[in-house]
Structure formats: structure tokens, C-alpha cells
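Remarks on the overall topology
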Amino acid sequence: MKTRLLCLLPLLMGWALPGWAACTLPPASGAFGTVSSFTVNTTASTTQANVNVNCGNGSVLSLLTADFVRFQLASATFTRSTRGTLKTASTGTDSIPLQLCREAACTTELTVGGPATTYTSAQLLNLIGLLGGLNFTFPLYLRTVPGEVVAAGNYTVVLNVLVNYSVCTGIGLLGACLLGSQQNGSGTVPITVNMTITNDCTTITAPNISFGSAPLVGSFNSVAQSINVICTKGSTYTVGLSNGNNAVGGQRYMRSGSNQLAYDIYKRATTSRWGPAGSQRVASTAANTVSSDGLTRTYNYTARILTNQNTPPAGNYSDSVVVDLSF
């Protein structure tokens with residue numbers, strides 16, 4: 001009698017991605033655009049950077065309960081304490097601290113060397129990117145920390161985010177990940193962040209000029225006062241004074257009805273006229289004083305009633321002069 005041995009080969013069926021490869025981690029970027037130096041000083045600016053973890057064209061049905069993607073801020077090209085910091089090459093010293101957050105409200109902040117944040121398998125289902133399959137897009141939020149006094153320029157930093165992942169790309173009928181389909185790995189995603197800070201001015205303080213009363217043009221005292229200007233740290237500009245509402249041939253006049261009284265305004269305590277154009281304007285570098293933070297500049301001037309004119313009839317004489325800044 002012949003005996004036959006039958007060998008039963010069980011067949012497993014499931015979903016699998018041919019040629020399983022490690023997930024790819026392309027670089028990311030975030031841009032704040034153009035922001036005024038005073039806005040960055042007083043208000044937090046927010047933008048978004050999308051980090052992609054691409055694990056191929058498998059089915060989301062292959063994700064296991066234990067699958068995850070984990071982010072940790074490993075380092076940054078510029079740091080202050082445990083945060084990345086935007087810096088500019090133009091000054092070398094000015095910087096803007098930056099928060100990297102999981103949510104727009106920054107409830108979960110990633111700090112250099114700090115705790116990681118983990119996306120569970122259930123959360124990964126809601127992060128499928130435009131490529132579909134097992135390609136995930138993680139929105140991270142960048143937020144500046146107010147309070148910095150900085151000069152204009154292009155500010156940048158690279159945040160290096162360490163990514164650890166465990167993703168099943170193919171599952172069998174028994175619910176187990178197919179051999180070779182469990183993608184476990186790690187890598188670093190560099191997020192390049194940029195912000196352009198622009199020059200701006202917020203305040204011009206110019207007190208009224210009062211010559212008081214006198215019976216003759218030669219009896220008026222000169223008036224020495226200052227104009228204060230608050231502009232971006234290190235900004236370069238010029239300050240001009242208009243010729244007023246009653247000027248004739250570049251000469252300023254105050255009027256009372258049809259009568260006029262000639263006067264003028266001079267730079268500092270000199271006879272150099274402060275006017276609206278060309279060399280008559282005052283350069284920001286010619287300020288008499290500058291505040292310790294570099295924002296407030298003070299420009300001294302002297303106003304005089306011209307004595308080489310006849311004394312006009314008695315009355316209240318006035319004019320209006322406009323202060324303007326030009327970058």
C-alpha cells in the first residue's frame with residue numbers, strides 16, 4: 001500500500017504595499033511675510049508650517065492601534081533658552097523668540113530638547129494629506145513672542161524637528177501587520193522660517209510754538225523747543241517741516257486777516273533753516289539725542305520772529321506747519 005502525504009499550505013491574504021520603503025520626510029517651511037517692527041514688538045504674529053510624513057500608497061485600513069508619529073524639537077540654528085529664535089544677518093544681535101506649537105492656540109509647545117508630542121493611530125486618520133494613501137500632513141504653528149525691539153531686515157531660523165514613526169503599510173486577515181510592512185524609523189525635518197521686518201514710525205510729538213505778546217517785532221523772544229520722533233530701531237530717514245499755509249517765496253508767515261508777520265524755524269540754535277526739501281531737511285543721524293532702545297530721536301529747533309520787517313497791526317497771528325518723515 002502506498003501512503004500519500006498531503007501538505008496543506010495556508011494562504012494569507014491582506015493589503016500590502018509592494019517594495020515597502022521607509023517613510024520619507026521632506027523639508028518644510030513657514031513664512032510670516034512682511035511685518036512692521038512695532039507690530040512684532042506688541043503683537044504675536046502666527047503662521048503655519050506643514051510637516052509631511054509620506055509612507056506610501058497603502059490603505060489607511062492597515063493602520064494598527066499602536067501606530068504613531070511623534071515630533072520633538074531637536075535643535076535650531078538660533079536659540080534663546082529652549083526656543084528657536086529668528087535672527088538677521090544685517091545686525092547680528094537682534095532676535096525674535098519663536099514658539100513652535102501643535103495647535104494654533106499654542107496649548108502644546110515644542111521646545112528644544114523638551115517633551116515630544118505624539119499623534120495616535122486614530123489621529124493619523126484625520127491627517128491624510130493631498131497625496132492620499134499613508135501620506136500624512138501635520139500642521140504646526142509658529143508664533144512670535146512680543147516684546148522685542150528690532151531693526152528692519154530679513155529674519156530667519158531653521159527648526160530641526162525629530163520625527164519618530166511606526167506605521168503599518170499592509171495588514172493580514174488576522175489583523176496582524178504583514179511581514180516587512182511595519183515601518184519603524186526616524187529622521188529630522190528642517191523647517192525654514194522667514195520674516196521680513198520693515199521700517200515704521202508710530203509717533204511724532206511736535207508741541208505748538210507760542211511767541212507770546214509784544215508791541216514790536218524786535219521785542220519777541222525766540223522759542224527753543226524739540227520734536228520727538230519714534231521710529232524703527234536703526235532706521236534711516238529725514239524729517240522735514242512744511243513752509244506753512246501762508247508762505248511766499250519760501251518765507252513763512254503768520255497771518256491775522258490780511259496782515260502778516262514773518263517768522264522762521266531753524267535747526268537747533270543755528271541760522272540754518274529747517275524746511276521741506278533737500279538740504280533743509282534734517283537727517284535721522286543728526287538727532288540731538290537718541291533713547292537707549294534706539295527708537296526715540298529728539299530734534300531741537302529755534303523759532304524766531306524776523307526783525308527786518310515793519311511791525312504789523314496788533315492782532316492774533318497764526319500759521320500751521322506740518323512735520324513729515326521720509327524713508
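Here the structure is shown first, and the text comes after it.
This text gives an overview of the structure that appears in the document. Here the structure is a predicted model, which means the values were calculated and not measured.

When you go through the chain residue by residue, the secondary structure sums to two helices and 22 strands. The C-alpha atoms of the chain give a radius of gyration of 35 Å, which is well past the 20 Å a tight globule of 327 residues would have. With the C-alpha coordinates aligned to their principal axes, the bounding extent of the chain is approximately 145 × 35 × 30 Å. Within the chain, buried positions represent 40% of all 327 residues. By sequence separation, contacts in the chain at least 24 residues apart represent 76% of the contacts at least 6 residues apart. Within the structure as shown, the chain displays about 16,700 Å² of accessible surface, and the carbon and sulfur contribution to it stands at 54%. When the 17 positive and 10 negative side-chain charges of the chain are each reduced to one mean point, those points stand 7 Å apart.

Our next topic: a nonpolar patch on the surface. Together, Val60, Leu61 and Leu125 make up a nonpolar patch on the protein surface, roughly 260 Å² of accessible area in all. Inspection of the secondary structure puts Leu125 in the loop between α2 (121-124) and β10 (135-144). On the basis of relative accessibility, which here comes to 44%, the residue Leu125 falls in the partly exposed class.

Here we come to the pairing of β10. Among the ten residues that make up β10, seven are buried, leaving the element largely enclosed by the rest of the structure. Taken together, the nine bridges between strand β3 (residues 46-54) and β10 define a ladder with antiparallel strand orientation. Its bridge partner being in β10, Ala49 is matched across the sheet by Leu140. As paired elements, strand β7 (residues 95-101) and β10 share four bridges and run antiparallel to each other. By the bridge assignment, Leu98 is partnered in β10 with Thr144.

Here Ile204 shows up in strand β14 (residues 201-205). Under the relative-accessibility criterion, Ile204 is labelled partly exposed at 38%. Sequence separation of Ile204 and Thr289 is 85 residues, and the distance between their C-alpha atoms is 15 Å.

Turning next to the environment of Pro139. Looking at where Pro139 falls in the secondary structure, it is placed in strand β10. With 108 residues separating them in the primary sequence, Pro139 and Ala247 have C-alpha atoms 60 Å apart. Apart from the residues lying within four places of it in its own chain, the contact partners of Pro139 are Gln48, Ala49, Asn50, Arg102 and Leu127.

Another aspect to go through is the state of the cysteines. In a disulfide, the sulfur atoms of two cysteines are covalently bonded to one another. A full pass over the atoms with the stated rule returns four disulfides. With a sulfur-sulfur separation of 2.0 Å, Cys23 is cross-linked through a disulfide to Cys55. For the disulfide bridge between Cys23 and Cys55, the dihedral angle about the S-S bond is near 110°, and by the sign convention the bridge is right-handed. Highlighted residues: Cys23 in the loop between β1 (14-15) and β2 (28-36) and Cys55 in the loop between β3 and β4 (68-76), separated in sequence by 32 residues. Judged by its relative accessible area of 7%, Cys23 falls in the buried class. In this model Cys201 forms its disulfide with Cys231; the gap between the sulfur atoms is 1.9 Å.

Conventions used here
The residue numbering used here restarts from 1 in each chain and proceeds along that chain's sequence as written. Two thresholds apply to this predicted model, a pLDDT of at least 70 for residue-level local features and 80 or more for giving and counting side-chain atom pairs, whereas whole-chain, interface and lining totals are computed over all residues. Hydrogens are left out, water is left out, and the side-chain values use all remaining heavy atoms of the structure. Only runs of H or I of at least four residues qualify as helices and only runs of E of at least two qualify as strands under DSSP, and these elements are numbered from the N terminus. As defined in this context, the radius of gyration uses C-alpha atoms, and a globule is described by 2.2 Å times the residue total to the power 0.38. When accessible area is computed with a 1.4 Å probe and restricted to protein chains, residues below 20% of their type maximum are described as buried, those above 50% as exposed, and intermediate ones as partly exposed. Here, two residues are considered to be in contact whenever any of their heavy atoms come within 4.5 Å of each other. Only the protein chains shown count as covering a residue, and every accessible area follows the Shrake-Rupley method with a 1.4 Å probe. Here the positive residues are Lys and Arg and the negative ones are Asp and Glu; neither His nor the chain ends is included. To locate a charge, take NZ of a lysine, CZ of an arginine, CG of an aspartate or CD of a glutamate. Patch membership requires over 30% relative accessible area and the absence of a salt bridge. Like charges are linked within 9 Å, and nonpolar side chains (Val, Leu, Ile, Met, Phe, Trp, Tyr) within 5 Å. The term salt bridge refers to a side-chain nitrogen of Lys or Arg lying within 4 Å of a carboxyl oxygen of Asp or Glu. Pairing between strands is defined by DSSP: at least two bridges between them are needed. Note on terminology: disulfide denotes any pair of cysteine sulfur atoms within 2.5 Å.

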